[in-house]
Amino acid sequence: MHAAGAVVVVAGAVLRVKGKGERAPDGRQGDLLLELRVKPHPTLTRGAPGKPDAAALDLSTRADISIADATLGGEVNIDRLGKTIRLTIPSGTPSGRSLRAKGKGLTNAAGRSGDLFVELRIVPPPRDTISDEDARTLRRLADPARERSHASHDPREDSATT
């Protein structure tokens, strides 16, 4: 069976295809009943964050962002069923914050659309890609008062004496 376009279905729903089932003893053509099973999407779930709902039009996903994008702002591209949705990351975004793209979820047969929710997760760069100067800058940005009081202190000396 082929369905044209995106079809929003609920797992467990039953579709009736009239006249396509087995023939009854009296000669009438029966109906074919199809129970739908929906395979989970690898990155999208139905429902708002923390509220999964197999019948919802809302979609939820997660996206990894850099420390720079979280701090300064930036953009993140989300693949939503073959269509790319670009969202703006506000400056000062904490890890775990969700962005909402209104009307970018699923659309039902009546034309009503849900929203797309994207939970952002800040992922630091691998330690071996950060220079000593980068590390000092990150420490200074993390706690400017502490950095001034330890300006002449080298943290590597701590590990050498322990």
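Treat the numbers as computed from the prediction; the structure is a model and nothing was measured. Going along each chain's sequence as written, the residues are numbered from 1 onward. For a predicted model such as this one, the threshold for reporting local features is a pLDDT of at least 70, and the threshold for listing and counting side-chain atom pairs is 80 or more; totals across whole chains, interfaces and linings nevertheless cover every residue. For the side-chain quantities, the full set of heavy atoms in the structure was used; hydrogens and water were omitted.

**Q** What should I look at first to understand the overall build of the chain in this one?
**A** For the chain, the helix and strand inventory stands at four helices and nine strands. Along the chain direction, N to C, the helices and strands of the chain fall in the order β-β-β-β-β-α-β-β-β-β-α-α-α. A 1.4 Å probe rolled over the protein chains alone gives each residue an accessible area, and that area as a share of the maximum for its type sets the label: buried under 20%, exposed over 50%, partly exposed in between. A burial count over the chain gives 22% of its 162 residues as buried. A separation of at least 24 residues holds for 39% of the contacts in the chain among residues at least 6 apart in sequence. A run of H or I in DSSP becomes a helix once it reaches four residues, and a run of E becomes a strand once it reaches two; helices and strands are each numbered from the N terminus. The criterion used for residue contact is that any of the two residues' heavy atoms lie within 4.5 Å.

**Q** What is the right way to read the pattern of salt bridges from this model?
**A** Where side chains of opposite charge bring their charged atoms close, a pairing between them can arise. When a carboxyl oxygen of Asp or Glu is within 4 Å of a side-chain nitrogen of Lys or Arg, the pair counts as a salt bridge. Enumeration over the complete set of coordinates arrives at six salt bridges. For the salt bridge of Glu75 with Arg86, the shortest nitrogen-to-oxygen distance reads 3.4 Å. Highlighted residues: Glu75 in strand β6 (residues 74–80) and Arg86 in strand β7 (residues 83–89), separated in sequence by eleven residues. Of the residues examined, Arg86 reaches a relative accessible area of 54% and is grouped as exposed.

**Q** Before we go on, may I ask you to explain the confidence of the model for the chain in this structure?
**A** In low-pLDDT segments, the atomic positions of the prediction should not be examined closely. A residue's pLDDT is the predictor's confidence in that residue, given on a scale from 0 to 100. Of all residues in the chain, 81% attain a pLDDT of 70 or more, and the chain-wide mean is 83. No element of the chain has a lower mean pLDDT than helix α4 (residues 156–161), at 53, and none a higher one than strand β9 (residues 116–122), at 96.

**Q** Would you take a moment to explain unusual backbone geometry for this structure?
**A** Only a minority of non-glycine residues have a phi that is not negative, and only a minority of peptide bonds are not trans. One non-glycine residue, Leu81, lies in positive phi territory at about 55 degrees. Owing to a relative accessible area of 49%, Leu81 belongs among the partly exposed residues under this scheme.

**Q** Teacher, can you tell me more about the sheet that holds strand β4 (residues 51–52) here?
**A** What holds strands together in a sheet is hydrogen bonding between their backbones, with the strands either parallel or antiparallel. Strand pairing is assigned whenever DSSP detects at least two bridges linking the two strands. Sheet architecture is open: five strands sit in the order β4-β3-β5-β9-β8, paired in mixed fashion. Every interior strand has two partners, whereas the edge strands, β4 and β8 (98–101), have only one. As paired strands, strand β3 (residues 45–48) and strand β5 (residues 59–65) are joined by two bridges and run antiparallel to one another. Bridge assignment links Thr45 to a residue of β5, and that residue is Ser60.

**Q** I'm lost on the environment of Asp79 in this one. Help?
**A** Tracing the backbone through its elements, the reader meets Asp79 in strand β6. Classification of Asp79 as partly exposed rests on a relative accessible area of 46%. Each C-alpha atom of the pair Asp79 and Thr43 lies 9.0 Å from the other, and the pair is 36 residues apart in sequence. Among the polar contacts made by the side chain of Asp79, one reaches the main-chain amide nitrogen of Gly82 at a distance of 3.1 Å. Here a polar contact is taken to be a pair of N or O atoms separated by no more than 3.5 Å, where protein atoms must pair a possible hydrogen donor with a possible acceptor and residues adjacent in sequence count only if both atoms sit in side chains.

**Q** When you look at the nonpolar core in this model, what are you seeing that I'm missing?
**A** Note that soluble globular proteins tend to have their nonpolar side chains buried in a common cluster. Counting 17 residues, the largest nonpolar core has Ala63, Val76, Ile78, Leu87, Leu116, Val118 and Leu120 as the members making the most contacts within it. When contributions to this core are tallied by element, the ones reaching two or more residues are β5, β6, β7, β8 and β9. Not counting the four nearest positions on each side in its chain, Val76 is found in contact with Ala63, Ile85, Arg86, Leu87, Ile89 and Leu120. The set of buried Ala, Val, Leu, Ile, Met, Phe, Trp, Tyr and Cys residues whose side-chain atoms join them within 4.5 Å is what this entry labels a nonpolar core.

**Q** Hey, could you run me through the side chain of Thr93 in this one?
**A** In this fold, Thr93 is placed in the loop between β7 and β8. Taking the relative accessible area as the measure of exposure, Thr93 reaches 4% and is therefore buried. Among the polar contacts listed, one links the side chain of Thr93 to the backbone oxygen of Pro90, at a separation of 2.4 Å. Here Thr93 is in contact with Ala70, Leu120 and Ile122, once residues within four sequence places are set aside.

**Q** I tried to follow the pairing of β9 on my own but got confused; where do I start?
**A** Each regular strand carries side chains that alternate between the two faces of the sheet. Direction of pairing for β5 relative to β9: parallel, over a ladder of seven bridges. The partner of Leu59 across the bridge, within β9, is Leu116. Bridging between β8 and β9 involves four bridges; their strand directions are antiparallel. Across the sheet, Arg100 pairs through a bridge with Phe117, a residue of β9.

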